[in-house]
Amino acid sequence: AAREVDQILSERHEKEETLDTSHSIEGLADSFVSQALQYADEMVGGFGHQNKFPSAPQLWALLEINGRNNHEAIDSFLKLTLDKMADGGLNDQVGGGFYRYTVDPQWETPHFEKMLYTNTMLAILYLKAGEQFQNPRYKTIGLRTIRFMLDSMAGPEGAFIASLSAVDDKNVEGGFYLWKRDELKKLLTLEELGFIDAVWDMQREPELEAGLLPWVVLSREQQKERFTLTDAELDNRLNGIRVKLKKAREANRIIPRDDKRLAGWNGLALAALAEGLKHDNRLKQQGEALVQFIRKRLWQGDSLHKAVDDNGRSLGEGSLQDYAYVAYGLAQWGEVAKNQPTSTLAKQVVDQAWKRFHTDKGWRESEHGLLPRPLFRRHIRDSSLISPESLLLRASKKFSADKNLQQRVDAQLAKRTANMNEDSFYYATLISTAADTE
């Protein structure tokens, strides 16, 4: 049975991987935009009409394409999606950070797991959107997401843990994040309670037995007008309420943690810190600590550990994803922090990634596969995470002085495959990488 399945997979894979040498990847930009807008939910943003995932890779790519050549439909869709994700149940209004997805199409009720990779990608997305749209609120959300990572997902030695559980220590879904009315009355003043009733809709019937999840129902301008507050006064009031609620839940509730420190996801975290450093120089210390963790704990001179546990033990050899994400994070940090030793380390990881995972047949995602006939991919699509090929190519582009490396990048971006023509939506960041002529 295994041999038969292997044969079917190989034949299907070979068909999908047929090269289209007459067209480059860059030419797929219009097709991608068309598919993305076709899948877009015009009412509440995001893609599809069932449960809602952030789809960060596609939003990244749309933002980049829009930044190069403004497109009115993309512009309005991105703003709608960014606002709905930030205001709805996907975003923890109390402690910051984004949940993994919502179980409904309205961005209201989340699956309460918080993943490191979700928050790294969305932090970068909001910070870049803040710059592109000249919107300080998006920048604030991006920085607040990084602050959540530092407060709630920081592990030993400057690295970040993998995730926070969806259930609390009593096995209650969302128990760490939901609020009962009696509890709120004890923690907040009448004025504060009235404020969150209006702003977060905290008098509605609970959707979940464990209590209510705050989500924003008044825009910032509506909040200021209704309560006659300046921007500074509104921020002070919100921050005061958040501090009280955050302190209470951390004192009385327990959230299980997955303490693995994964190389790839920490590479993304370093990229997020690099993006944040452009706006907040206080992040420099955390970024440098993470660089040292990668250098001392994960990098072995010419190879990368996939992860380490609490005792510093290796949890296996790195995959293409690990090498690509770490290379990208190091390259971004080296550039933004003007840290040449970090850029040098990034180049070493880039070189090893190409050496270990790229062949004339394409990419392999691990060095030692389990299938009788290893699958090689000409191009790697986005999933809930950004394509490792895309980020490795972006990291490689930063070392254009290496002509051999630049030729390999150009060769990859010059050829597309048959399945890319049909499913350009799932190759979003690779298409945007190819369209970047800077």
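Look up: the structure comes first, before these words.
Keep in mind that what you see is a predicted model, and the values were worked out from it rather than measured. (Residues numbered from 1 in each chain as written. Predicted model: local features only at pLDDT ≥ 70, side-chain atom pairs only at ≥ 80, totals over all residues. Heavy atoms only, no water.)

Draft legend 1. Quick peek at the overall build of the chain. A count of helices and strands for the chain gives 18 helices and 11 strands. Here the C-alpha coordinates of the chain stretch approximately 70 × 50 × 50 Å along the principal axes. A total of about 19,900 Å² of accessible surface is found on the chain, and carbon and sulfur atoms cover 48% of it. Looking at the chain, you have 58 positive and 64 negative side-chain charges, and the mean spots of the two groups are 4 Å apart. (Helix = DSSP H or I, 4+ residues; strand = E, 2+ residues; numbered from the N terminus. Areas by Shrake-Rupley, 256 points an atom, 1.4 Å probe, with all protein chains shown as cover. Lys, Arg positive; Asp, Glu negative; His and termini not counted. Charge placed at Lys NZ, Arg CZ, Asp CG, Glu CD.)

Draft legend 2. Molecular detail of helix H15 (residues 388-397). Judged by how many residues are buried, H15 sits mostly within the fold: nine of 10 residues are covered. Regarding H15, the residues found buried are Pro388, Glu389, Ser390, Leu391, Leu392, Leu393, Arg394, Ala395 and Ser396. The N-cap of H15, judged by a side-chain oxygen 3.2 Å from the amide nitrogen of Glu389 a few residues on, is Ser387. (Buried < 20%, exposed > 50% of the residue type's maximum accessible area, 1.4 Å probe, protein only. Polar contact = N/O pair within 3.5 Å; in protein donor to acceptor, adjacent residues only side chain to side chain.)

Draft legend 3. Structural view of the packing of helix H6 (residues 136-152) against helix H11 (residues 263-277). Where H6 meets H11, the closest approach of the two axes is 10 Å, and the angle between their N-to-C directions is 135 degrees. Between H6 and H11, the angle falls in the class oblique. Considering only the axes of H6 and H11, their crossing is left-handed. Facing H6, whose interface residues are Leu143, Ile146 and Met149, H11 presents Ala269, Ala272, Leu273 and Gly276. (Axes fitted to C-alpha atoms, helices over the stretch in contact; angles between N-to-C directions. Parallel < 35°, antiparallel > 145°, perpendicular 65-115°, else oblique. Left-handed = near helix turned anticlockwise from the far one by under 90°. Contact = heavy atoms within 4.5 Å.)

Draft legend 4. Structural context of the side chain of Glu64. Examined against the element boundaries, Glu64 turns out to sit in helix H3 (residues 56-68). Residue class for Glu64 comes out buried when judged on its relative accessible area of 19%. Among the polar contacts listed, one links the side chain of Glu64 to the side chain of Arg394, at a separation of 2.7 Å.

Draft legend 5. Quick peek at the packing of helix H13 (residues 320-336) against helix H14 (residues 340-357). The N-to-C vectors of H13 and H14 enclose an angle of 155 degrees; their axes lie 8 Å apart at closest approach. As summarised for this structure, H13 and H14 are arranged roughly antiparallel, according to the angle between their axes. Of the two elements, H13 crosses H14, and the hand of that crossing is left-handed. Every residue of H14 that contacts H13 at Leu320, Tyr323, Val326, Ala327, Leu330, Ala331, Trp333, Gly334 and Glu335 is listed here: Thr342, Ser343, Leu345, Ala346, Val349, Val350, Gln352, Ala353, Arg356 and Phe357. Across the contact of H13 with H14, the residue classes break down as 13 nonpolar, four polar and two charged. (Nonpolar A, V, L, I, M, F, W, Y, C, P; charged D, E, K, R; others polar.)

Draft legend 6. Up close: the nonpolar core. The biggest cluster of nonpolar side chains holds 116 residues, and the ones touching the most others in it are Phe32 and Met85. Counting residues per element, this core draws most heavily on H13, which supplies 11 residues. When near neighbours in sequence (up to four residues on either side) are disregarded, Met85 contacts Pro54, Leu59, Leu90, Asn91, Phe98, Trp107, Leu122, Leu125 and Tyr126. Listed in part, the 19 residues of the second largest apolar core include Trp179, Ala198, Met202 and Leu229. (Core = buried A, V, L, I, M, F, W, Y, C linked by side-chain atoms within 4.5 Å.)

Draft legend 7. Examining the packing of aromatic side chains more closely. This model, assessed by the stated rule, comprises 17 aromatic pairs. Linked through ring pairs, Phe32, Tyr39, Phe47, Phe77, Phe425 and Tyr426 together constitute an aromatic cluster. The aromatic ring of Trp215 is capped on one face by Arg204, whose charged end is 3.6 Å from the ring centroid. Seen from the ring of Trp179, Arg253 lies directly overhead, with NZ or CZ sitting 4.2 Å from the centre. (Phe/Tyr/Trp six-rings, centres within 6.5 Å; stacked < 30°, edge-to-face > 60°. Lys NZ or Arg CZ within 6 Å of the ring centre and 35° of its normal.)

Draft legend 8. How the structure looks around the pattern of salt bridges. On inspection of all chains with the given rule, the structure shows 34 salt bridges. Its salt-bridge partner being Asp351, residue Lys347 comes within 2.9 Å of it at the nearest N-O pair. A residue pair is termed a helical-turn pair when its members lie 3 or 4 positions apart in one helix, as Lys347 and Asp351 do in helix H14 at four residues. Several salt bridges converge on common partners, so that one network encompasses Arg220, Glu221, Lys224, Asp231 and Asp235. (Salt bridge = Lys/Arg side-chain N within 4 Å of Asp/Glu carboxyl O.)

Draft legend 9. Up close: empty space enclosed by the protein. Under the criterion given, the structure shown has one cavity of 30 Å³ or more. Considering only enclosed or pocket space, the largest cavity measures out at about 40 Å³ in volume. Around the largest cavity, the lining residues are Thr109, Pro110, Phe112, Leu178, Glu207, Leu208, Gly211, Leu213 and Trp215. Looking at the lining of the largest cavity residue by residue, the class counts come to six nonpolar, two polar and one charged. (1 Å grid on protein atoms, 1.4 Å probe; cavity = no way out; pocket = protein on both sides within 12 Å on 5 of 7 lines; lining within 4 Å. Points joined across faces, edges and corners; volume = space filled by probe spheres on them.)

Draft legend 10. Molecular detail of the environment of Ala395. If you trace the backbone, Ala395 turns up in helix H15. Distance from Ala395 to Gly142, taken between C-alpha atoms, is 22 Å for residues 253 residues apart in sequence.

Draft legend 11. Representation of the layout of surface pockets. Taken as a whole, the largest pocket spans an internal volume of roughly 1,100 Å³. Among the secondary structure elements, those contributing two or more residues to the lining of the largest pocket are helix H4 (72-87), H6, helix H9 (220-227) and helix H10 (231-252). Residue contributions to the lining of the largest pocket peak at eight residues, all from H6. In terms of residue class, the lining of the largest pocket is built from 16 nonpolar, 11 polar and 13 charged.

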